[in-house]
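Summary of structural features
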Amino acid sequence: MAKKKRKLRVEFRKNREKRARRGDLTRRAVDSLEQPAAPDDFDARESLSGKGALSRRRTVIGTEDEAGVVRDVDLSKCLSGRVLSSRGLHSLVRGDDGARYDCTVRRVLRTMSRDERNAVVTGDIVLFQPGGEGQGVIERVEPRSGTISRTSKGREHVIVANVDQVLIVGSAGEPALKANLIDRFLVSAGKGNVRAVVCVNKVDLTEPAGLVSIAGIYGRLGCEVVFASATQGAGIGRLRALLKNRQTVLAGQSGVGKSSLLNAIEPSLELAVSSVSEWTQKGRHTTRAATLIELGAGGWVVDTPGIRQLDLWDVSPEEVEGHFVEFRPFVTLCRFPDCTHTHETGCGVQQAVARDMITRMRYESYVRMIEGD
Ligand code: GDP
Ligand code: ZN
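Figured I'd write up the structure that's included with this text. (Residues numbered from 1 in each chain as written. Chains lettered and ligands numbered in written order. Predicted model: local features only at pLDDT ≥ 70, side-chain atom pairs only at ≥ 80, totals over all residues. Heavy atoms only, no water.)

**Quick word on the overall build of the chain**
For clarity, the threshold we go by: A run of H or I in DSSP counts as a helix once it spans at least four residues, and a run of E counts as a strand once it spans at least two, with each numbered from the N terminus. Each residue gets one of three labels from its accessible area relative to the maximum for its type: buried under 20%, exposed over 50%, partly exposed in between, using a 1.4 Å probe on protein chains only. Surface accessibility follows the Shrake-Rupley procedure with a 1.4 Å probe radius. Residue values consider only the protein chains on display as shielding.
Each helix and strand counted, the chain has 12 helices and 16 strands in total. Across the 373 residues that make up the chain, the buried fraction comes to 46%. Carbon and sulfur atoms make up 51% of the accessible area of the chain, which totals about 19,500 Å².

**A few points about the coordination of the zinc ion (ligand 2)**
Note the threshold: Metal sites are built from N, O and S donor atoms within 2.8 Å, or 3.2 Å for Na, K and Ca, and they leave out water, so they may look incomplete. Just to be clear on the cut-offs, tetrahedral is four donors with all angles between 85 and 135 degrees, square planar is four donors and octahedral six with opposite donors over 155 degrees apart and all others between 65 and 115, and anything else goes down as irregular.
The coordination sphere of the zinc ion (ligand 2), as far as protein atoms go, consists of Cys334 (SG), Cys339 (SG), His341 (ND1) and Cys347 (SG), spread over 2.1 to 2.3 Å. Coordination geometry of the zinc ion (ligand 2): the 4 donor atoms subtend angles of 102 to 114 degrees at the metal centre, consistent with an arrangement described as tetrahedral. Site description for the zinc ion (ligand 2): donor spacing in sequence, C-x4-C-x1-H-x5-C. Take cysteine 339: its relative accessible area is 6%, and that puts it in the buried class.

**Remarks on the environment of aspartate 124**
As a reminder of what qualifies: Any pair of residues with heavy atoms lying within 4.5 Å of one another is described as a contacting pair. N or O atoms closer than or at 3.5 Å make up a polar contact, with two conditions inside protein: a donor-capable atom paired with an acceptor-capable one, and, for residues adjacent in sequence, both atoms drawn from side chains.
Summarising the element assignment, aspartate 124 is placed in the loop between α2 (107-112) and β7 (125-130). Sequence-wise, aspartate 124 and asparagine 162 are 38 residues apart; in three dimensions their C-alpha atoms are separated by 6.6 Å. With residues near it in sequence (within four places) discarded, aspartate 124 still touches Gly81, Arg82, Val83, Ala119, Val141, Arg144, Ala161 and Asn162. Of note is the side chain of aspartate 124, whose polar atom sits 2.8 Å from the backbone nitrogen of valine 121.

**Focus: helix α5 (residues 236-243)**
Condition: In this context, the arc is that of the directions from the helix axis out to the C-beta atoms.
If you check which residues of α5 are buried, you get Ile236, Leu239, Leu242 and Leu243. Projection of α5 onto a plane perpendicular to its axis shows the buried side chains occupying an angular sector of 120 degrees, all on one side. Where α5 is buried, its residues touch β11 (165-171), β12 (195-201), β13 (224-227), β14 (247-251), α6 (258-265) and β16 (300-303). Looking one or two residues beyond α5, the residue adopting positive phi is asparagine 245, at roughly 60 degrees.

**Some thoughts on the side chain of asparagine 201**
Among the structural elements, asparagine 201 can be located in strand β12. Excluding residues within four positions of it along the chain, asparagine 201 makes contact with Val169, Gly170, Ser171, Ala172, Ala228, Ser229, Ala230, Val256, Gly257 and Leu261.

**Regarding the packing of aromatic side chains**
What counts here: Each Phe, Tyr or Trp ring (for Trp, its six-membered ring) is paired with any other whose centre lies within 6.5 Å, and the angle between the two planes then decides the class: stacked below 30 degrees, edge-to-face above 60, tilted in between.
Evaluated as defined, the whole model comprises 5 aromatic pairs. Judged by centre distance (5.6 Å) and plane angle (80 degrees), the ring pair of phenylalanine 324 and tyrosine 366 falls under edge-to-face. With a gap of 42 residues between them, phenylalanine 324 in the loop between α9 (317-320) and α10 (328-331) and tyrosine 366 in helix α12 (residues 360-370) connect regions that are remote in the sequence. Its relative accessible area of 0% is what places phenylalanine 324 among the buried residues. One aromatic cluster is present, formed by Phe324, Phe327, Tyr363 and Tyr366 through successive ring pairs.

**Topic: the pairing of strand β8 (residues 135-141)**
Stated precisely, the cut-off is as follows: Following DSSP output, two strands are said to pair if at least two bridges run between them.
Along β8, 6 of the 7 residues are buried, which leaves the element largely enclosed by surrounding structure. Looking at chain direction, strand β6 (residues 100-105) and β8 are connected through 4 bridges and run parallel. Bridging across to β8, threonine 104 finds its partner in valine 137. Pairing between β7 and β8: 5 bridges, direction antiparallel. In the strand pairing of β8, glutamine 129 is matched with valine 137. Turn length for the β7-β8 hairpin, with the two strands adjacent in sequence and antiparallel, is 4 residues, and the turn residue glutamate 133 shows positive phi of about 50 degrees.

Structure follows, in structure tokens:
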């Protein structure tokens, strides 16, 4: 969709005021007449226009997109950058100049965001105005794609933005490969509409013959499948190539070797990890904060302790079927349109399983998922 640049009248919510009900424009206009909002330091540079109620709105020159309003900024004073970590209203940004900036968020952005905590999140691409001593102010957040969010109390909280693939890691042994966990993450990736790469680590612990069926199952689904050994270096070059210039989130149970793989892929990583985590440790809510790890060859890996274990995106039971791509041709054969492919008679999917057209292992993952194990 082409973006249209125009003058926008932006209705502002007053400082420290509780959010008015959505769509209640009259009420908000009356409120602002009765009690004009005093501009604070941050707002002082935004231009005011009009009279009366309208003067409580600010006019900004901006572009409009699905996300609402994005302010246009004096580009000559700004740097583009990537948010490595974000906590409260502070973000650590890596500028395109290679330096790191401790940034605050321009109030106008926070006010326009539907949820202040989501104004700027890890992974965002931002325009910011550098100040002295590694400080900066974020002026604009580029539209997001591939967001990972957590919903709490009915509100969506974005944890990471602009993820474009999931690296699903399992291990050939210690712990044993859990195919149903891989399938879960595949559904999550499908729901998030991002590419999935399946990596089976610790291949040094098993015979190649035992891995052929895994290669077949996931290869046929159209996934990249990489067999690796972080300790012996197998598959590392291939992983490096698959991660290059992408923003990747790691998924997989603990102990499969995710950290070891990252260290093998990026030998200088230990340095990068510690410098980011030192910064994160300044605050209290450190354990949940997502951080980005920069790869030397280009690209980013999202390190989010919580996400490694959890489902990446919420998927309802009814949605699961659609993400088992190999079921699709057979679903149309089911006698009942609302067939769940578990107990029904005349089920195309179950018949396909009986004839080995659908792998039993994948089918069992499906059943576990919709039964909510
Ligand atoms: P994470 O929890 O997924 O980050 O896993 P770690 O990277 O911490 O690795 C867990 C354990 O598996 C460690 O003891 C590693 O030394 C071991 N490990 C990692 N990769 C391999 C591998 O390719 N082969 C073998 N045999 N052990 C590995
Ligand atoms: Zn069916």
